[in-house]
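# Structural description and commentary
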Amino acid sequence: MSYRPKILAAPLFVVSLIVLAAHASFVQATSAPYPQRIVSLSPSVTETLFALGFGNRIVGVTTYCDYPAEARKLPKIGGFTNPSLEAIVGQRPDLVIGVNESSHPVKAREMERLGIKVALISVTSLNDILNSIQSIARWLGNPEAGEKLTQKIARQIDAVKKRVAPAPRRATLLAVGIKPLVAVGGKNFIDELITLAGGENIAGQAAQPWLNLPAEYVIAKAPRVIIEAGMGSEREQPAKRWQDLKSIPAVKEQRVYYYRSDKILRPGPRIGEGLEEIARLVHPECFAESQRGLNPGSGCEGSRP
Amino acid sequence: MKVLDRRKMILVNGVLLILLALSVIACALLGPVRLDLARAWQNIFAANSDAEILFRARLPRVLLGVAIGGGMAACGVVLQALLSNPLACPQMLGVSGGASLGGILGLIFFPNWLLPIASGLLGEISWVPLAAFLGALLSMIFVYRFSLFHGRLHPYHLLLSGVIFNAFIAAVIMFLNSIVDFYQAQGLLFWLMGSLSTRAYLTVAFIWAYIIFGFLWLWSKGLSLNLITLGEEAAMQLGVETAALQRQIFVASSLMIGAMVSVSGMIGFVGLMVPHVMRLIVGGDHRLLLPASFLAGGIFLCWADTLARVLLAPAELPVGIVTAFFGGPFFLYLLYREGGKKPAL
């Protein structure tokens, strides 16, 4: 679960070899050396393409692709789970990129039958996300950009890890839906982000990546931090919603936050930024202003467990 | 028409009432997490996790489950009689679709408005169930208007307009679901799946008030319901004002269903299955069948929700999955067993 760039290098290399081998065929087949007309089937892929500097090669995005702002102006090819085959074909792409954890594998087969090259990336874990950034960069002929971006994210992750290292782990509930209560479970990159932020996901042992939690489980697990990340329609008053459960430390200590951000919900290039934002909620004392410039991390050593 | 057997009445309902009471206690004590009962009682009003698990997380939920299960079953009984159709169920009336649409619109446009009750003294309730209930009322009027045939409510038309209205509403909901943003769409789907999860005793009290009032009113029509199952003509000859009865039953059950769907979403199968099971067990006299179905529906949903909390713990299953999964085979078994003896329905 714990992430270190150096350890990552070896599996990254192996994975990238496999990916390279798997996609060597399409790289050879195209007359232009690298794909120039790309359709993205997911908001995180769109963000990655822009972050790598390939925004000008995108010819189609989903209706949910709203970041960066330029993505909104691109032609739409349908939703995330239900992209329109017709709209994709109409863009005459030389590469379509989708994610494995969606309906895309099914669509991919249909597109391949029509002779369109499709690449699917995995985004279940943090490693997956970093690997897929590098893969995309390589497919598009700029591996250095991939290297640079993943190193930047790795630095962001490291900085947060250093900050929260001295602090004790805080049991954390990250709710993505409120009525009914939907929490982040295990086997999910957000679960890893919670851990890296110095938290301990109270639903982390669950086999499902997202799960509907009964209130009694939250009471029994006594989280010290509750973050409502609002998948669904709940926007305000998170503290009010929990106020009847005073035995929960997060409620007693007023650590119930509303933090809705695609930075953590999307498995894209902004997860490093998102991680810092969650860490500031889980361990605000580690980010106290007075600690700026001091030896990072020394700020929360004195904090109560 | 047989005279009502008072001893059977007291025996059946007494046994069911005791079972219901035991179920409520058992379901409040069972769950995915351990509960220390002694600690829960020690200081109920302090910040005590055991007390909160028992009185905040479980008890309101169990009580809501009993009300919804009972209400759905009672509505199922009268609708099956009113429409002379064994497949009639609360989800069929059009009201449930209207309530869902109202709730969805509420979730999209004002998810966080709270309505203070008695200037906040009694707490606050969300506008979402109120929007759902408003949707139920409007669709009730709408369906009623389209079910009139030569100026009176016609069962056949009621069935058709209800089913078609619901299909139309389902399309509107799917349309809304595909234009809102991705995360919001997820939230809407979870809401639509239905859940008994609540911590608000105020909501539970509202629902109980509706259900009790509606149920007693339907029960008082038990004898007329018996007659109407003989056929409209026969009922009329026996002195039942069928037009008035049909109208009243439609309005009463619509109000009950609207209130239930507003709070707990679409929990299927209870309203369809429990009436049939109880008809096989206690017979078709509505004066007995109605209370027996009410109590049995309460017991059934209470246990179904407990299973929903426990089966995949810590994850909670949508309760509708449990009701269909356990209710379906049991119902088929009863049908099969009865089939050997005599015509089942």
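Conventions and cut-offs
Residues numbered from 1 in each chain as written. Chains lettered and ligands numbered in written order. Predicted model: local features only at pLDDT ≥ 70, side-chain atom pairs only at ≥ 80, totals over all residues. Helix = DSSP H or I, 4+ residues; strand = E, 2+ residues; numbered from the N terminus. Contact = placed C-beta atoms within 7 Å. Nonpolar A, V, L, I, M, F, W, Y, C, P; charged D, E, K, R; others polar. Core = buried A, V, L, I, M, F, W, Y, C linked by C-beta atoms within 7 Å. Buried ≥ 20, exposed ≤ 12 C-beta atoms within 10 Å, placed from the backbone. Domains from an automatic or database assignment. Pairing = 2+ DSSP bridges. Axes fitted to C-alpha atoms, helices over the stretch in contact; angles between N-to-C directions. Parallel < 35°, antiparallel > 145°, perpendicular 65-115°, else oblique. pLDDT = per-residue confidence, 0-100. Expected span 1.5 Å × (residues − 1). Left-handed = near helix turned anticlockwise from the far one by under 90°.

Turning our eyes to something else, we now look at the overall build of chain A. Helix and strand counts for chain A stand at 12 helices and 10 strands. Counted over contacts in chain A with a minimum sequence separation of 6, partners at least 24 positions apart contribute 58%.

Here the focus is the interface of chain A and chain B. Every contact between the two is made by 33 residues of chain A and, on the other side, 31 residues of chain B. For the side of chain A that touches chain B, the secondary structure elements donating two or more residues are β8 (210-212) and α8 (215-221) of chain A. Considering each element in turn, the side of chain A that touches chain B owes the most residues, five residues, to α8 of chain A. Looking at the side of chain A that touches chain B residue by residue, the classes come out as 17 nonpolar, eight polar and eight charged.

Our focus in this paragraph is the nonpolar core. Core analysis: the biggest nonpolar cluster contains 183 residues, and L174, A175, A183, L193, A197 and I278 of chain A together with V78 of chain B have the highest contact counts within it. In terms of residue count, helix α3 (residues 49-82) of chain B provides more of this core than any other element does, 19 residues in total. Counting the residues that make up this core, at least three belong to each of domain 1 (5-155) and domain 2 (162-300) of chain A. Every residue in contact with L193 of chain A, bar those within four places of it in the chain, is listed here: I264, I271, G274, L275 and I278 of chain A.

Residues and elements named next belong to chain A. Taken in spatial order, the four strands make up an open sheet running β2-β1-β3-β4, and their pairing is parallel. Both edges of this open sheet fall to β2 (58-60) and β4 (118-121), since each of them pairs with a single strand only. Direction aside, the axes of adjacent strands within the sheet are offset by 35° on average. Strand direction decides the pairing type here: strand β3 (residues 95-99) and β4, joined by four bridges, are parallel. Note on β4: the bridge partner recorded for I97 is A119. Of the strands in this sheet, β1 (38-40), β2 and β3 are in contact with helix α2 (residues 43-51), which crosses β1 at around 135°.

Let us now look at the packing of α3 of chain B against helix α12 (residues 270-282) of chain B. All names here are of chain B. For the pair α3 and α12, the least separation of the axes is 7 Å and the interaxial angle reads 70°. Of the possible angle classes, the one that applies to α3 and α12 is roughly perpendicular. Together, G69, M72, A73, C75, G76, V77 and Q80 of α3 and V270, G271, L272, V274 and P275 of α12 make up the contact between the two elements. Split into classes, the residues belonging to the contact of α3 with α12 amount to eight nonpolar, four polar and no charged.

This paragraph deals with the confidence of the model for chain B. When pLDDT is averaged along chain B, the result is 86, and 93% of the positions lie at 70 or above. Scored by ipTM, the complex comes to 0.83, with pTM at 0.83.

With that settled, the discussion passes to the domain arrangement of chain A. All names here are of chain A. Considered domain by domain, chain A is made up of domain 1 (5-155) and domain 2 (162-300). Residue-level contacts link 15 residues of domain 1 with 11 residues of domain 2. Mapped onto the side of domain 1 that touches domain 2, the elements with two or more residues apiece are α2, α5 (126-139) and α6 (143-164). At five residues, α2 tops the list of elements feeding residues into the side of domain 1 that touches domain 2. For the side of domain 1 that touches domain 2, the per-class residue count stands at nine nonpolar, four polar and two charged.

Time to look at helix α11 (residues 242-264) of chain B. Helix length check: α11 of chain B, at 23 residues, gives a terminal C-alpha distance of 32 Å against a target of 33 Å (1.5 Å per residue), a fit within 8%. A positive phi of about 70° marks G265 of chain B, the residue just after α11 of chain B.

Along its 12 residues, helix α7 (residues 182-193) of chain B runs 17 Å from first to last C-alpha, staying within 8% of the 16 Å computed at 1.5 Å per residue. Among all positions in α7 of chain B, only Q184, A185, G187, L188, F190 and W191 of chain B are buried. Turning to α7 of chain B, the residues buried within the fold contact β5 (170-177) and β6 (182-184) of chain A together with α4 (95-109) and α6 (155-179) of chain B. Positive backbone phi, approximately 85°, marks G194 of chain B, located one or two places after α7 of chain B.

Residues and elements named next belong to chain B. Axis separation between helix α5 (residues 127-146) and α6 bottoms out at 9 Å; the angle between their running directions is 135°. Here α5 is positioned oblique relative to α6, judged by the angle of their axes. Crossing handedness for the pair α5 and α6: right-handed. Contact residues: S139, F142, V143 and F146 in α5; S161, G162 and F165 in α6. Taken together, the residues of the contact of α5 with α6 break down into four nonpolar, three polar and no charged.

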